[in-house]
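The residues making up each chain are set out below.
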Amino acid sequence: MKPALVSGIQPTGKLHIGNYLGALKNFVELQNTGKFQCFFFVADLHSITEEFNPKEKLKQVENLILDFLAAGIDLKKSVLFVQSAVSAHSELAWILNTITPFGELRRMTQFKEKTGEEYETTNVGLFDYPVLMAADILLYSAKFVPVGDDQLQHLELTRALARKFNSKFGNTLFEPKPLLTEIPRLMSLDDPTKKMSKSRPEGCLFLDDEPEVIRKKIMRAVTDSGSEVRADREQKPAVTNLIRIYSAMSGKNAAQVESRFKGKGYGEFKKELAEIVIQGLAPFQKRKNELKKKRAAIMKQITAGNKKANMVASKKLAEVKKKTGLV
Ligand code: AMP
Ligand code: TRP
């Protein structure tokens, strides 16, 4: 049997190129190697830990499914499903809760970033989020989990929980490893010290952005002092981030980009970068527009993905329940 690979994305709005270059593009490449049994899902149970409108949620789920497919996820090669359609995720999360130390969750960086000092009014789901994520992964006995580096801490917890469960109840859960891309953390266009994130839309390039919007955002992106187009994380964090985008979208490495813009300024570099991004996103955007017309038929197909995921997950859950003495 091929090793399993699992990853999910939350349906919380438009995807940006950080999601794409840090995760989704890698999902497609890994799928196309044919070496893995791939499970990809829409993490809707995770997404309700933040403010949301129930009328919008299903639309967001559907939109993310179209994003997955437009990026190249192929229903013949991968199982694509919706997390809330597979109840084993919530059930295993509960069982794992009982072996998760409170202190581990309190230390989670993402939790601290999302709550600030507002502990008293924060919902418990947000606190428990990493345990649900562990369940997502362990149900499929994933060997690999492709993610951006903001998820590494959650992956460490997943590994720790698998070990703890196994040592308490006998060998049952498989310890997964993260898989990062060359851009595990793309920075914001308006502030290279902050991660590109939906919570700072002004610093994001969204996969759906129109060419004019992309040009405007890139021309406005902050740069560093000096005028040389050179990758240097310490001295030139903003330009280095832009060079990374250029490299990932063009297939040229940083040295090739540097030599192409030798003696030319930031302006020329940014102009060309914008065109590279526009061209790079065009096939995605074209496919997405075509897929939108087949929305209803696609959602029917996802039911088959939900079914397959349910089969695998419920088997693992049954094993876990048996080991723990549950019915
Ligand atoms: P999310 O939208 O938070 O569900 O993230 C989906 C995937 O994109 C996860 O694997 C994240 O780690 C990854 N990701 C999010 N933001 C970035 C970023 N700025 N750079 C690289 N990867 C990212
Ligand atoms: N927590 C991830 C994020 O915010 C999404 C996610 C949920 C996930 N469950 C997962 C990613 C399981 C990988 C595996 O990006």
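Summary of the structure given here. (Residues numbered from 1 in each chain as written. Chains lettered and ligands numbered in written order. Predicted model: local features only at pLDDT ≥ 70, side-chain atom pairs only at ≥ 80, totals over all residues. Heavy atoms only, no water.)

**A few points about the overall build of the chain**
For the chain, the count of helices and strands is 13 helices and seven strands. A compact globule built from 327 residues would reach a C-alpha radius of gyration of about 20 Å, and the chain, at 21 Å, matches this within 12%. By its C-alpha atoms, the chain is 70 × 45 × 40 Å across when sized along the principal axes. Taking all 327 residues of the chain together, the buried fraction comes to 50%. Partitioning the contacts of the chain with sequence separation of at least 6, the portion at a separation of at least 24 is 74%. Within the chain, one finds 53 positive and 38 negative side-chain charges whose respective centroids are separated by 6 Å. (Helix = DSSP H or I, 4+ residues; strand = E, 2+ residues; numbered from the N terminus. Rg over C-alpha atoms; globule rule 2.2 N^0.38 Å. Buried < 20%, exposed > 50% of the residue type's maximum accessible area, 1.4 Å probe, protein only. Contact = heavy atoms within 4.5 Å. Lys, Arg positive; Asp, Glu negative; His and termini not counted. Charge placed at Lys NZ, Arg CZ, Asp CG, Glu CD.)

**A few points about the site of ligand 2**
Near ligand 2, the surroundings consist of 13 residues, among which Gln-10, Tyr-129, Met-133, Asp-136 and Gln-151 are the closest. Note that a nitrogen atom of ligand 2 is positioned 2.7 Å from one of the side-chain N or O atoms of Tyr-129. Protein burial of ligand 2: of its 370 Å² of free accessible surface, 90% is covered by the chains. Broken down by secondary-structure element, the contributors of at least two residues to the shell around ligand 2 are β1 (4–9) and α7 (124–138). No other element matches α7, which puts four residues into the shell around ligand 2. For the shell around ligand 2, the residue count by class is seven nonpolar, five polar and one charged. (Near = heavy atom within 4 Å. Polar contact = N/O pair within 3.5 Å; in protein donor to acceptor, adjacent residues only side chain to side chain. Areas by Shrake-Rupley, 256 points an atom, 1.4 Å probe, with all protein chains shown as cover. Nonpolar A, V, L, I, M, F, W, Y, C, P; charged D, E, K, R; others polar.)

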